[in-house]
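Single-letter residue listing:
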Amino acid sequence: MGSIVALSQNQVISQVEGNIVSDMDGEKVMFSITNGKYYNLGEIGGVIWDLIENQSTPESIVQELMKQYDVDRELCEDQVMSFMDMLYGEGLISVVSK
């Protein structure tokens, strides 16, 4: 699939159908029916997953995480992009330019 090039307000990120998600001790785990793999999204990954349930932009994800956690903006953006790249590379999210 490739990777997401940069955080942009012009991108809309959403979940791809075909995943079973469950909470386990505060962390989200997911099974992809499409590729047959299990993923541990962790606590913050689970928050991000919930944020993209009904489509979201990278900027709104970063803003929400900065509200919930004491994190530097640049570090937050880097971590969000890294996580989005993983999800996108696994075919778990769709990214569409507005």
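Residues numbered from 1 in each chain as written. Predicted model: local features only at pLDDT ≥ 70, side-chain atom pairs only at ≥ 80, totals over all residues. Heavy atoms only, no water.

Undergrad: What am I meant to see in the packing of aromatic side chains here?
TA: The geometry of an aromatic ring pair is captured by two quantities: the separation of the ring centres and the angle between the planes. The full count for this structure, using the stated rule, is one aromatic pair. Consider the rings of phenylalanine 31 and tyrosine 38, whose centres lie 4.7 Å apart with planes at 45°: the pair is tilted. Residue classification places phenylalanine 31 among the partly exposed residues on the basis of a relative accessible area of 24%. (Phe/Tyr/Trp six-rings, centres within 6.5 Å; stacked < 30°, edge-to-face > 60°. Buried < 20%, exposed > 50% of the residue type's maximum accessible area, 1.4 Å probe, protein only.)

Undergrad: Hey, could you run me through the sheet that holds strand β4 (residues 38-41) in this one?
TA: Adjacent strands of a sheet pair through backbone hydrogen bonds, lying either parallel or antiparallel. The strand order β2-β3-β4 describes an open sheet built from three strands, whose pairing is antiparallel. Each of the sheet's edge strands pairs with one partner strand only, and the pair in question is β2 (19-24) and β4. Strand-to-strand twist of the sheet, defined as the mean angle between neighbouring strand axes without regard to direction, takes the value 25°. Relative to strand β3 (residues 27-32), β2 is paired through six bridges, and the arrangement is antiparallel. By the bridge assignment for β3, aspartate 23 is matched with lysine 28. Sitting on the sheet, helix α1 (residues 42-51) is in contact with β2, β3 and β4, with an inclination near 65° to β3. (Pairing = 2+ DSSP bridges. Helix = DSSP H or I, 4+ residues; strand = E, 2+ residues; numbered from the N terminus. Axes fitted to C-alpha atoms, helices over the stretch in contact; angles between N-to-C directions. Contact = heavy atoms within 4.5 Å.)

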